[in-house]
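Coordinate inspection notes
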Amino acid sequence: MTDGGTTRRAPRMRAVTEGASVTPLELFFDLVFVYALTQVTALMAGDLTWWGMLHGLLLLALLWWCWCCYAWLGNTVRADEGVVRVALFAVMGTMFVVAVTIPEAFRDLPGGLSGPAVFAAGYLVVRVLHLVIYWHAARVRDDAALRRQLLRAALPMLAGATLLFTAALLPQQLADSPHQEDVIRTALWALALALDYGGIMAIGASGWRVYSAAHWTERHGLIIIVALGESLVAIGVGVTALPISWPIIVASFLGIAVAAALWWAYFDVVAIAAERVLARAEGAERAALARDSYTYLHLPMVAGIILLALGLKKVLSYVGDGTAHELTDPLHGIGLYALYGGVILYLLGHLGFRLRNMRSVNRPRAVTTVLLVLLIPVADRLPALAALGLLAVVCVGMIAVEMVLFGDARRKLRDAFLAEHGSAPASDH
């Protein structure tokens, strides 16, 4: 194409517009995070202590922040066009190295390179690449306000990365014992994340942009599915080397029931209603809503699912391995807290999400959250399989109650959604 004799080149980046959907490359990109989540679950399962749990959650918060950075980028320019495509492949390679290094993120293993240093370096590369690509995307969109916002965002990112490198290269003489060294390193990690998360909140939302509400909500819905997939993987991994038995079959069905209830809780109505609220918002209000409801309040949902995956993995090992555990053995300690606490954390994320997004409280989910807290001492006395069964009954019961209480509103919302997306409403069949 020419303009006055001058040849126009195809744009190296293509802007996202309202109504855009998630690209195949973004789905491919998420596969790296699938592996990273399995690594986090395996890390916590291998160190079933409160320190192991804390390390796993800190790692998850860091990985989530990386993923969110590229979710914002993918809502600005298409991930599968021009230079962005090549850059994302480079990011995927770096993120895979970060995921491989997760077992050494806090404690270096003998031999080879320094695990904590490689992890910190990979993380810094991922974040710097994001800022560079995002900066050029802001230039493509001729958005000076977004460029200024990116400069502000670079400060807490660099401060956090500096603390991660400090933790990775912590001189041994600063600590009197390995435990003290672990405490110092963990504290530096927590401070790094606090600066990064808090810094983005502090700089405000006025400079950020959400160009497609449909892309934004679909992107976060897919990462919820990725996390739920990890809970299913945990069920399978927990019995990989064990002979099939009736307890394993029953536990598998119960685990699927819990995961299905969590899927239903998000996708049946909440995801649809939240997209409509976001689509109606504009400018800084939309950016703030996207930041609070999705970037921040989806983290407890994802963390809850990962903790549930850890709990399911422990239950399957209890009911399937007759040499290490009897079928009547209760699931004590961290395994039980992960199983029930994961669902509690997930529901708390939902309550915060709805309160921020729709300014209302879902009472059945609030009651279920309190009920699960009260049932933990009861589950502590039950066999592991019965504790899982009790959790499944409560989760499925919550969905059934919502179907009865909100049936009419649910049908209207879903029928409208299906009509908008080219499918006939259920009432038309």
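Heads up: these notes are all about the structure in this document. (Residues numbered from 1 in each chain as written. Predicted model: local features only at pLDDT ≥ 70, side-chain atom pairs only at ≥ 80, totals over all residues. Heavy atoms only, no water.)

The next thing to look at is the environment of proline 247. Within the secondary structure layout, proline 247 lies in helix H8 (residues 246–267). Between the alpha carbons of proline 247 and tryptophan 64 there is a distance of 35 Å; along the sequence they are 183 residues apart. In contact with proline 247, not counting residues within four places along its chain, are Val319, Leu327 and Leu385. (Helix = DSSP H or I, 4+ residues; strand = E, 2+ residues; numbered from the N terminus. Contact = heavy atoms within 4.5 Å.)

Now for empty space enclosed by the protein. Take a probe with the size of a water molecule and roll it over the atoms, and the empty space left behind shows itself. Per the stated rule, a full pass over the model turns up five cavities of 30 Å³ or more. If you add up the space inside the largest cavity, you get close to 210 Å³. Forming the boundary of the largest cavity are 15 residues, of which Cys69, Trp72, His130, Ile200 and Trp208 lie nearest the centre. At the level of secondary structure, the elements contributing two or more residues to the lining of the largest cavity comprise helix H2 (50–74), helix H4 (115–140), helix H5 (144–168) and helix H10 (283–296). Split by residue class, the lining of the largest cavity holds 11 nonpolar, two polar and two charged. (1 Å grid on protein atoms, 1.4 Å probe; cavity = no way out; pocket = protein on both sides within 12 Å on 5 of 7 lines; lining within 4 Å. Points joined across faces, edges and corners; volume = space filled by probe spheres on them. Nonpolar A, V, L, I, M, F, W, Y, C, P; charged D, E, K, R; others polar.)

A negative phi angle is the norm for most residues apart from glycine, just as the trans form is the norm for most peptide bonds. One non-glycine residue, aspartate 142, lies in the positive phi region at around 55 degrees. Locating aspartate 142 in the fold gives a position in the loop between H4 and H5. Judged by relative accessible area, which is 67%, aspartate 142 ranks as exposed. Phi is positive for arginine 359, close to 60 degrees, though the residue is something other than glycine. Tracing the chain through its elements places arginine 359 in the loop between helix H12 (333–358) and helix H13 (363–379). Note on arginine 359: relative accessible area 63%, which makes it exposed. (Buried < 20%, exposed > 50% of the residue type's maximum accessible area, 1.4 Å probe, protein only.)

Scanning the model with the defined rule gives 14 salt bridges in all. The closest approach of N and O atoms between arginine 219 and aspartate 30, which form a salt bridge, is 2.7 Å. Pair noted here: arginine 219 is in helix H7 (residues 213–237) and aspartate 30 is in helix H1 (residues 24–46), with a separation of 189 residues, a long-range link. Per residue, the accessibility class of arginine 219 equals that of aspartate 30, and both read buried. One salt-bridge network, in which partners are shared between bridges, spans Glu26, Asp30 and Arg219. (Salt bridge = Lys/Arg side-chain N within 4 Å of Asp/Glu carboxyl O.)

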